[in-house]
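One-letter residues, chain by chain:
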Amino acid sequence: MKITIITPLFPPDMGGLATYTYELLKRLGERGHQIKVCTLSESVETHNVYKVGWRRRPRGNIILQFIALPFYYVTSFIGILRVTRGCDLVYAQNPTLIG
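An account of the accompanying structure is given in this report. (Residues numbered from 1 in each chain as written. Predicted model: local features only at pLDDT ≥ 70, side-chain atom pairs only at ≥ 80, totals over all residues. Heavy atoms only, no water.)

**Things to note about the environment of Asn48**
Then, in step 1: Assignment of secondary structure puts Asn48 in the loop between β2 (34-39) and β3 (49-51).
Then, in step 2: Taking the C-alpha atoms as reference points, Asn48 and Ile35, separated by 13 residues in sequence, lie 6.7 Å from one another.
Then, in step 3: Excluding residues within four positions of it along the chain, Asn48 makes contact with Leu25, Ile35, Lys36 and Val37. (Helix = DSSP H or I, 4+ residues; strand = E, 2+ residues; numbered from the N terminus. Contact = heavy atoms within 4.5 Å.)

Structure below.
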């Protein structure tokens, strides 16, 4: 089965969500599934890990942050659509953060 996991955190980021996603990727892969991970983190892109969206939004000026937010969501969503094309299952962790 072709599965895409969408997550805001993935190693080298630390935390429960990053660790859980890595273990899920590893264990589902051991069972013969084709796994892709779509993430916002600073992880290194490999053949099955893809970075989407902007990692760093504008800082400082609150007006610039507000104006940039729709572009952040649009670019993240387009990146997610590209990665998930042809997948049988999409598992989104914290979908409101991702968009």
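**Focus on the sheet that holds β2**
Then, in step 1: The parallel open sheet is built from four strands, whose spatial order is β3-β2-β1-β4. Unpaired on one side and paired on the other, β3 and β4 (89-92) mark the two borders of the sheet. Across the sheet, the axes of successive neighbouring strands diverge by a mean angle of 20 degrees, strand direction being ignored.
Then, in step 2: Contacts between helix α1 (residues 16-30) and the sheet are confined to β1 (2-7), β2 and β4, with β1 contributing the most and set at about 175 degrees to the helix.
Then, in step 3: In the packing of helix α2 (residues 62-84) onto the sheet, the strands contacted are β1, β2, β3 and β4, and the crossing angle to β1 comes to about 160 degrees. (Pairing = 2+ DSSP bridges. Axes fitted to C-alpha atoms, helices over the stretch in contact; angles between N-to-C directions.)

**Points about a nonpolar patch on the surface**
Then, in step 1: A cluster of nonpolar residues, Ile62, Ile63, Phe66, Ile67 and Phe71, forms a patch on the protein surface that exposes about 600 Å² of accessible area.
Then, in step 2: Among the structural elements, Ile67 can be located in helix α2.
Then, in step 3: Taking the relative accessible area as the measure of exposure, Ile67 reaches 47% and is therefore partly exposed. (Patch = residues over 30% accessible without salt bridge, like charges linked within 9 Å, V, L, I, M, F, W, Y side chains within 5 Å. Areas by Shrake-Rupley, 256 points an atom, 1.4 Å probe, with all protein chains shown as cover. Salt bridge = Lys/Arg side-chain N within 4 Å of Asp/Glu carboxyl O. Buried < 20%, exposed > 50% of the residue type's maximum accessible area, 1.4 Å probe, protein only.)

**Things to note about the pattern of salt bridges**
Then, in step 1: For the structure on display, the rule yields two salt bridges.
Then, in step 2: One salt bridge connects Glu23 with Lys26, and the closest N-O pair in it is separated by 3.6 Å. Taken as a pair, Glu23 and Lys26 lie in helix α1 at a separation of three residues, close to a single helical turn.
Then, in step 3: For Glu23, the salt bridge is made with Arg27, and the minimal N-O distance between the two is 3.1 Å. With Glu23 and Arg27 both in helix α1, this residue pair falls four residues apart, about one helical turn.
Then, in step 4: Judged by relative accessible area, which is 23%, Glu23 ranks as partly exposed.
Then, in step 5: A cluster of three or more residues bridged by salt bridges with shared partners is formed by Glu23, Lys26 and Arg27.

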